[in-house]
Amino acid sequence: MASDSANRPRMERGLHDRDRAGVQDFVLLENIQSEEAFIGNLRKRFQENLIYTYIGQVLISVNPYKQLPIYSENDIKEYRNKHFYEMPPHIFAVTDNAFRSLIEENKGQCVLISGESGSGKTEASKKVLQYIAACSGHQSTVESVKEKLLKSNPVLEAFGNAKTNRNVNSSRFGKYMDIQFDYSGTPIGGHILNYLLEKSRVVNQNAGERNFHIFYQLLAGASEEELKRLQLKRSLDSYSYLSDGQNGVVKYIDDVADFNTVKQAMSVIDFTDSEQKDIFSIIASVLHLGNVTFNEAEGVAKVSKPDAVAAVAQLLGVSQNALTDALTNRTIDAQGDVVTSPLNRELSVYARDALAKAIYDRLFTWLVQRLNRSLQAKDLRDALNNVMGILDIYGFEIFKKNSFEQFCINFCNEKLQQLFIELTLKSEQDEYQREGIEWVPVEYFDNKVICNLIEEKYKGIISILDEECLRPGEPTDITFLAKLTDKLAAHPHYICHEKSSTLVQKTMGRDEFRLVHYAGDVTYNVNGFLDKNNDLLFRDLKETMSRAGNDIIRSCFPEGEYKNKKRPDTAITQFRNSLNNLMDILMCKEPSYIRCIKPNDQQQAGIFDDELVLHQVKYLGLMENLRVRRAGFAYRRTYETFLNRYKSLSKATWPNYKGSPKEGVRELVADLQYGPDDYRLGATKVFIRFPKTLFDTEDAFQVKKHDIAAIIQSRWKGRQQRRKYLKLRDQIITLQSYCRRYLAIQALRRRREAATKIRAFIKGFITRNDAPNGYNDEFIVNMKRMWLIRLSKQLPTEVLDKSWPSSPVHCQEASTYLHRLHRLHLARKYRLSLSDERKRQFELKVLAEKLFKDKKANYLASVPYWFQNDRIPKEHAAEINNFVGTSLNGETLKYASPCTKFDRHGYKPRERFVVLSNKALYVLDGKSYKQKHRLPLEKIDFVTTNHSDSLLVIRIPLELKKDKGDLILEIPYIVELGTLVVDTVGTANILSIVSRDTLEHNVVKGKAGVIDIQTGGEPGIVRDKGGHLVVIAGQ
Ligand SMILES: Nc1ncnc2c1ncn2[C@@H]1O[C@H](COP(=O)(O)OP(=O)(O)OP(=O)(O)O)[C@@H](O)[C@H]1O
Ligand SMILES: [Mg+2]
């Protein structure tokens, strides 16, 4: 479906489709004189389901009698804000065009929908409303207005439409609806005018037709309860006003559903419950009234079915007696003489029907007024002055038998045709003339002459009819006809039986006259003209109704009416007045025409009856319309309007043109390169021949509009931004100055603090060696810290290094402590790092110091070398080791050394070795390594001198028989040996150091020798010439 609608424009635009789908605008028709071509184009399009075609701005709509998928939301969107000729013809395009003119140019609009019964006028008016509702705003307040506008239709249709032989939903009244908008195009209210309801239908219907829908809807759709209240039965044949039930049920009409729709619509339009109750009571009362019958005795009528009267009385809230009397009597007030006379049966029936019609007619008018109250705009502040009107009024009617109603309807159509001529054909041509544009006048028939025939004062048919109705005497329909003939026989549009040729006489009765309407000849039967025009309702009935309990009825029959002695206007005069009023309303609006055509009489889809259509084309004046259109210009506007709108398209006229608007337009169109035939310049207006020229201009303007808007926007934005910028700059500068001030204050404070600090520092420095005085405290602390850091980097690392960095005054005490601590630390570290062997060495050295320091002169010479256990030269080591291994008997070797032994006698030196064990001292032969002595340590003593020599005397006690006398030895490392011996025995008593120049020693058996001790010369031990042993000690 969507693709279908999307394809439509393209399909229609393609010229190759022209043969099949016809042209969209009759202006494009090649032969505009040919009716055949005209009908042919309509037919082609109808067969392609293209029911809409233009003649210029006039839309022709052919009733498809089937639903077409061209009225969806999407379709509405497609037509929204499009150029009229941009899209294929559619009722939405016409509506959009009118709607935009209203909103943008503030010009009142009216959409005039005409066509004969069943041609689709009412449907078209609904589409217009649908479009307007769909493309305006969606605020909730608006929704309710739109809802009311839309819902007014089902209510009016229920009460004002009926099934006829030509249309199952034929409007039996004329309707003009104004829609009010606010400046944004949103509907805010509405107003309805109704015209001439066909009220005779209430009491009588043609064969095959029905009464107004509401009667059937009520009987089918109301609840049992409601029916009971209304004293109604659900059967149609119970009511004589419904043709005794004949034609009541129609295939295409669902009365139950429609009734529900009406009830729902009534509540949307804010009908109160009691109003609804009253309305349905009235409808029911009309049905009951139809069932009231009369007997007649001696010319006096009497109600024969009082039940029906009782029901009416009860439903309307009137007294049953009063109603009965009013139906059967007539009161006449003749110049103050009030006379009541009984009615005969015929007149009673007449009175009954008149009452039924009056009640229904007035109810309908009341409904319209009630709707208007509901549709009234609540807030008129934003309202546009202009409105959009939609006129859906009965089309031209030609029946076999035409009566007063057809006369009224056709009169109305004559008036509308006049309007059409005024607004389009005539005004168009007049305008060309006025503007001085060369122009070939088009011949068209002006129906003014027929309008005059009908409505001219004193001479016209209406005047004659009224005159006949009002005159005293016995006027009848026939006397009326005679008068007509008398006065109008000469009129070219009036044909009477009397004065016609026999040929014509055969086609009409003696009680008929014929009018040559613009749309064709119509023969009217005068029967009933007077009655219908008088529209007489007896005073008694009016009076009774004015006292009704039913509020609506009471308001419909005001008391003043029956008391007023002046005759009310006749029906036709009322109608003419309201029509003239309507013409005035329409005259000042911009019209849009929708000409509806019905394609066949069978009300069926797909049938296109050429003859029927041609007839309608003729009486709608479409051919003339086309001819005028083709000769004219598509568009015209005053120079001011045109220049004002399009001046931005030329440099010469933008932004303002200094000269006259006409000159401005001349420059503008020259600039736009209009062709010489594209336009004409009239006295006050510019005329543009082809729509396309205008659209190109409009498109260019639309594009330009954006440019202009952009320039204005950019200027405005620039200004805004600059203002914003300047404000921001001011603010920033203020802020900056505050910041700078703050920062400067900070800097000043810091500098002051720094100066104070530096001053204090200098003072502190100068007095750094003084006692803390408030200035130097920090300095001192700092100094201490710096000293400690410096000290930590300069600490001595060697235990023997006694150096120590200097210290400031305030650290001297600490320095002393630290020095000591550090030395202890180094010593401890040194100690902890010593090996066992080295430790032993030190112990021996300490022992040696104890034994020999300041006691023996060569002690100092022993200090620098480490003590050793083995002083045996290499060449003797094996033998000595051998001895130690074999002969020591498990004792531990302590020391071994070579030595020299001096004999006790003669002091001859001999090579020997000494070996010290933990138990004894062994002396071995220097050559044989044989043990010479074994001297147990507990038995012997060692003696040495205090000099720097290596003499050792070993005193051997006597009991050691084997060893005779003391042993005199020269030992190379005497301090080493002495220390080891004392260490081995554990006491120093074993060693004695003598400080004498001589030393005695035992030889044998108490005999003693002497050893001299001298100093100086080459140290050594020698035998002097006297046989003494001399020890020469070092210095
Ligand atoms: N555009 C349409 N699309 C489909 N069906 C349509 C269209 N227009 C009219 N019809 C059909 O034609 C019928 C008659 O149309 P409508 O009631 O609008 O005629 P009318 O001109 O108002 O007649 P009347 O003068 O009797 O009131 C509608 O009930 C509907 O079935
Ligand atoms: Mg209608």
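Predicted, not measured: the structure shown is a model, and the values here were computed from it.

Points about the overall build of the protein
Of the regular secondary structure elements, the protein holds 36 helices and 31 strands. Taken against the 2.2 N^0.38 rule, which gives 31 Å for 1035 residues, the C-alpha radius of gyration of the protein at 73 Å runs more than 25% over that of a compact globule. Once the C-alpha set of the protein is aligned to its principal axes, its extents read approximately 220 × 80 × 70 Å. Within the protein, the proportion of its 1035 residues that are buried is 49%. Restricting the contact set of the protein to residue pairs at least 6 apart, pairs at least 24 apart contribute 63%.

Observations regarding the packing of helix H12 (residues 273-290) against helix H15 (residues 345-375)
One way to put it is that H12 packs onto H15 with a least axis distance of 9 Å and a crossing angle of 160 degrees. Classified by the interaxial angle, the pair formed by H12 and H15 is roughly antiparallel. When the axes of H12 and H15 are compared, the crossing they make is left-handed. Two secondary-structure elements touch here, H12 through Glu275, Ile279, Ile282, Ile283, Val286, Leu289 and Gly290 and H15 through Arg352, Leu355, Ala356, Ile359, Tyr360, Leu363, Trp366, Leu367 and Arg370. Class assignment for the residues of the contact of H12 with H15 results in 12 nonpolar, one polar and three charged.

Some points on the coordination of the magnesium ion (ligand 2)
Within the first shell, the magnesium ion (ligand 2) binds the protein through Thr122 (OG1) and Ser171 (OG), at distances of 1.9 to 2.0 Å. In this pair, Thr122 is assigned in helix H6 (residues 121-135) and Ser171 in strand S5 (residues 170-171), connecting sequence segments 49 residues apart. Comparing Thr122 with Ser171 shows no difference in burial state: the two are buried.

Considering the site of ligand 1
Surrounding ligand 1, one finds 17 residues, the nearest of these being Ser117, Lys121, Thr122, Ser170 and Ser171. Within the backbone of Gly118, one N or O atom sits 2.8 Å away from an oxygen atom of ligand 1. The separation between an oxygen atom of ligand 1 and a polar side-chain atom of Asn167 is 2.9 Å. Contact with the protein chains covers 90% of the free accessible surface of ligand 1, which is 620 Å². Secondary structure elements with two or more residues in the shell around ligand 1: H6 and S5. Among the elements that line the shell around ligand 1, the one with the most residues is H6, at three residues. Partitioning the shell around ligand 1 into residue classes produces three nonpolar, 10 polar and four charged.

Considerations on the packing of helix H11 (residues 255-268) against H12
A pair of packed helices can be characterised by two numbers: the angle between their axes and the separation between those axes. Contact pair H11 / H12: the axes reach a minimum separation of 10 Å and the direction vectors enclose 140 degrees. Considering their axes alone, H11 and H12 lie oblique with respect to each other. When the axes of H11 and H12 are compared, the crossing they make is right-handed. Contacts between H11 and H12 involve Phe259, Lys263, Met266 and Ser267 from the former and Gln276, Ile279 and Phe280 from the latter. The residue makeup of the contact of H11 with H12, split by class, is four nonpolar, two polar and one charged.

Focus: helix H17 (residues 448-455)
Taken together, the buried positions of H17 are Ile450, Cys451, Leu453, Ile454 and Glu455. One face of H17 carries all of its buried residues, which in axial projection span an arc of 170 degrees. Tucked inside the fold, the buried residues of H17 contact helix H16 (404-435), helix H18 (461-470), helix H19 (477-488), strand S13 (494-496), strand S14 (512-517) and helix H25 (571-587).

Some words on the nonpolar core
In terms of nonpolar packing, the biggest core is built from 112 residues, with Phe159, Phe215, Leu323 and Ile359 touching the most fellow members. In this structure, Ile359 is in contact with Ile282, Val286, Leu289, Leu316, Met545, Ile553 and Phe557, ignoring residues within four places of it in sequence. Formed by 70 residues, the second largest nonpolar core is a distinct cluster that contains Cys110, Ile409, Leu484 and Val617.

Criteria and thresholds
Residues numbered from 1 in each chain as written. Chains lettered and ligands numbered in written order. Predicted model: local features only at pLDDT ≥ 70, side-chain atom pairs only at ≥ 80, totals over all residues. Heavy atoms only, no water. Helix = DSSP H or I, 4+ residues; strand = E, 2+ residues; numbered from the N terminus. Rg over C-alpha atoms; globule rule 2.2 N^0.38 Å. Buried < 20%, exposed > 50% of the residue type's maximum accessible area, 1.4 Å probe, protein only. Contact = heavy atoms within 4.5 Å. Axes fitted to C-alpha atoms, helices over the stretch in contact; angles between N-to-C directions. Parallel < 35°, antiparallel > 145°, perpendicular 65-115°, else oblique. Left-handed = near helix turned anticlockwise from the far one by under 90°. Nonpolar A, V, L, I, M, F, W, Y, C, P; charged D, E, K, R; others polar. Donors = N, O, S within 2.8 Å, 3.2 Å for Na, K, Ca; no water. Near = heavy atom within 4 Å. Polar contact = N/O pair within 3.5 Å; in protein donor to acceptor, adjacent residues only side chain to side chain. Areas by Shrake-Rupley, 256 points an atom, 1.4 Å probe, with all protein chains shown as cover. Arc of directions from axis to C-beta. Core = buried A, V, L, I, M, F, W, Y, C linked by side-chain atoms within 4.5 Å.

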